Amino acid sequence: MSEVPQEVHSRWSALVRQIEDARRSYYEQDNPMIDDLEYDTLFNELIALEAEFPILQTQNSPTMAVGGVAGEMFTPVEHLQRMFSLDNVFDADELDAWFARTEKSLNKFPSLLCELKIDGLAIDAVYEQGKLKSVATRGDGRVGEDVTYNAAFIAAIPKVLKATADVSIPDLIEVRGEVFFTNASFDQLNSEQSDQGLSLFANPRNAAAGSLRQRIDRREQDLADALKESVTDRQQQRVSKLEADLDRSVRRLQQLQLTVHGIGAVTGVELKRQSQAYEILKSLGLPTSEHFKVHEDANGAREFIDYYGVHRHDVAHEIDGIVLKVDDMSDQRELGETSRAPRWAIAYKYPPEVVRTRLLDIQVNVGRTGRVTPFAVMEPVKVAGSTVAMATLHNGFEVARKGVLIGDMVFLRKAGDVIPEVLGPVLELRTGDERAFVMPTHCPDCATELKPETEGDKDLRCPNARSCPGQLMERLANIGSRKALDIEGLGEKSAIAILESGLVQDEGDLFSLTEADFRRSDYFTKDSDRKLSENAKAILEQLEVAKRQPLWRVLVALSIRHVGPPTAQAITKVFTTMDALQQATTQQLAEVEGIGLITAEAIAEWFAEDWRLEVINKWRAAGVRMADEVEELGPQPLAGLVMVITGSLEGFTRDGAEAAASALGAKVTGSVSKKTQLLVAGANAGSKLDKAESLGIPVIGLEGFKVLLAEGFQAALNKIGQ
């Protein structure tokens, strides 16, 4: 990085960190932390920096990847063809720039299919011989979560396609669509949440994601097991609760709707236009949008956008913009895709709605990694279809920049129709009784002096990581989360009770807890006999199960900054024991596929703390798994070969092709560089092929790839000259 000025590299690192944090919150936790406008601003700045300093752009850069990842609750499933994200534009100038780029690339202005952008969850459904084979979430675009079992309860997803006189059933068809709640169903769902004293869903997308990503099979098994046990009054109460929970979960799935808006892999039918594809999908019995139209010029597309900007609430479901797609599929193929989004489509995002409400207070929250974040507490107000009472303010500098005072009437917007954001005060309504917010100088949970992590950092952190009650509570709750060790019953309330009862000094003591320990807590006991509550029994039972979890889950449970499930999985493929990981250098960590310098530094810093090593040692002594079994490798004829795979290879998914080469010892990377020794180029190879040819890197196609796998590198090179 010596070619890049230090201030530029620092800004690039900060942008990567912010974007990755935002993506994790949005895709993995269904809990977005910044709005679309702010995310887009950060993303565009990162693109500009990497264009000016190309050395900064690595395969791990957010500009090279689709935003999501597959979660860990469900079995991973590979999509037959990759699912992409959409690039966004937010105003007329950005839209006109996309029009101009598209027209220049095609030497004509294409017909555009205009449709509504539904506020829901993207899915991928595969039909073979007309029968539904699988349903999956988008995940990272290549691998999603298998939610086929849950999809069986959604009436809107056909189980069998129907043939017509004009359209026969394809041998194979992979369709993409959006599952969502109508506005009426969403309001009813939140009403039920409120009646039961549960948290409200922030928006229809979160509700759809939360409803589809339930483990219905586990709940059915729990109920079946409970019915086998002897019937007592207490047992009957548990059965009744399980029945009610299962019924509520199934009813939510039954209310989900589907609109299909794309096709991936397909055999047995010829598609020429996007609009023709919609006609075929509808004929097959798949639900398509009633609100789309093909326009031959830019003015028609602008009129469509303007119309629904005014009439967006006339539709039965929430929308957050308009999607424009080049209608002709040969034009789509000519335009191609970037590493994360098609060039032949764009999403126009409407400006968020703005309301006014009273800012009652500004409080601060301490996260598990020590970041102290102020947030606004407001009079509840409905905006963009949901009720909002709190909004993040990011940091003290942001509060000052916005100029808001406690007691102000403020403008609030549901930015991107997802995140509530305080815009600023309604100055003309000030009475003089308002007061300024003062960012605390000391941690509200442990009174430790707050400090920025680095010089010039606007975020303040509590450096008392070991014993700060707020951080410790968040870390304990993280250990029990589904993305970490998945310990039933160990949530925020239980974590608070464990700490307030003095059952642990830090998370290292967690796996040594006994029945006697829990009996010392009023929260975990019942009656005067101090019998353990069902929650305590569940935690003790699940702690034993958690000890056998794979190493990557243990790594997530340690609350290392920037280390979520995908990162932990990548790390433990290389470092298969905790001891090996502990001894790894920053450089060795940074060389792991998918791990950048920022994450590597965070891991190394974490292991440099003696008290954190004590946590690991306590867990090890309690029997927590600290190593993964290493599979014996077969022959490695491609060991040492650095290669890139691009385009579509018939008979292989992208991940399948990479896995086949990796199994033989090759290192498959995501971008072409001077270190690349071979490029495998399938159909629609795009810019990577151009770059490889400019660098003089050998290029092989599908047949050459088959030779590579069967006979080795030299045989594949010989194939080039034939």
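Thresholds applied
Residues numbered from 1 in each chain as written. Predicted model: local features only at pLDDT ≥ 70, side-chain atom pairs only at ≥ 80, totals over all residues. Heavy atoms only, no water. Helix = DSSP H or I, 4+ residues; strand = E, 2+ residues; numbered from the N terminus. Rg over C-alpha atoms; globule rule 2.2 N^0.38 Å. Buried < 20%, exposed > 50% of the residue type's maximum accessible area, 1.4 Å probe, protein only. Contact = heavy atoms within 4.5 Å. Areas by Shrake-Rupley, 256 points an atom, 1.4 Å probe, with all protein chains shown as cover. Lys, Arg positive; Asp, Glu negative; His and termini not counted. Charge placed at Lys NZ, Arg CZ, Asp CG, Glu CD. Axes fitted to C-alpha atoms, helices over the stretch in contact; angles between N-to-C directions. Parallel < 35°, antiparallel > 145°, perpendicular 65-115°, else oblique. Pairing = 2+ DSSP bridges.

Engineer: Go over the overall build of the chain, please, and point to the residues and values.
Structural biologist: The helix and strand inventory of the chain stands at 26 helices and 24 strands. Computed over the C-alpha atoms, the radius of gyration of the chain is 27 Å, within 12% of the 27 Å expected from 2.2 N^0.38 for a compact globule of 722 residues. Taking the principal axes of the C-alpha coordinates as reference, the chain spans close to 80 × 65 × 65 Å. Looking at the chain as a whole, 51% of its 722 residues are labelled buried. The contacts of the chain with a sequence gap of at least 6 include a subset with a gap of at least 24, amounting to 66%. Total accessible area on the chain is roughly 33700 Å²; 49% of this is exposed by carbon and sulfur atoms. For the chain, the distance from the average site of its 81 positive side-chain charges to the average site of its 110 negative ones is 2 Å.

Engineer: Give me the lowdown on the packing of helix α21 (residues 597–607) against helix α22 (residues 610–621), citing residues and values where you can.
Structural biologist: Viewed as axis vectors pointing N to C, α21 and α22 meet at an angle of 80 degrees, and their least axial separation amounts to 6 Å. In terms of orientation, α21 lies roughly perpendicular with respect to α22. The segment α21 lies against α22, with Glu605, Trp606 and Phe607 engaging Arg612, Leu613 and Ile616.

Engineer: How would you explain the environment of Ser134 if you had to name every residue and give the values?
Structural biologist: Note that Ser134 resides in strand β5 (residues 131–137). Here the alpha-carbon distance between Ser134 and Lys573, two residues 439 residues apart in the chain, equals 28 Å.

Engineer: An account of the sheet that holds strand β9 (residues 292–295) is needed here, citing residue identities and associated values.
Structural biologist: Taken in spatial order, the five strands line up as β2-β11-β10-β3-β9 in an open sheet, and their pairing is mixed. One side of each edge strand has no neighbouring strand; the edge strands of this open sheet are β2 (88–89) and β9. Sheet topology places strand β3 (residues 112–118) next to strand β10 (residues 319–326); seven bridges connect them, and they run antiparallel. Looking at β10, one finds that Cys114 is bridged to Leu324.

Engineer: So, unusual backbone geometry: which residues are in play, and what are the values?
Structural biologist: Located in the positive-phi region is His394, a residue other than glycine, with phi close to 70 degrees. Among the secondary structure elements, His394 is positioned in the loop between β14 (386–392) and α12 (396–402). Despite not being glycine, Ser559 has its phi angle at roughly 60 degrees, a positive value. Checked against the element boundaries, Ser559 lands in the loop between α17 (551–557) and α18 (565–574).

Engineer: Give me the sheet that holds strand β24 (residues 699–700): which residues, what numbers.
Structural biologist: Taken in spatial order, the four strands of this open sheet run β22-β21-β23-β24, and their pairing is parallel. On the outer flanks of this sheet lie β22 (667–669) and β24, each paired with one strand and no other. Inspection of the sheet shows strand β21 (residues 642–646) paired to strand β23 (residues 678–681) by four bridges, in the parallel sense. The residue of β23 that forms the bridge with Ile645 is Val680. On top of the sheet, helix α24 (residues 687–694) reaches β21, β23 and β24; it is set at about 145 degrees to β23, its chief contact.

Engineer: Please give an account of the environment of Gly141 that cites residues and values.
Structural biologist: If you trace the backbone, Gly141 turns up in the loop between β5 and β6 (143–145). Residue classification places Gly141 among the buried positions, given a relative accessible area of 0%. Expressed as a C-alpha distance, the spacing of Gly141 and Ala495, which sit 354 residues apart in the sequence, is 35 Å.

None of the figures reported here should be taken as evidence of function without further support.
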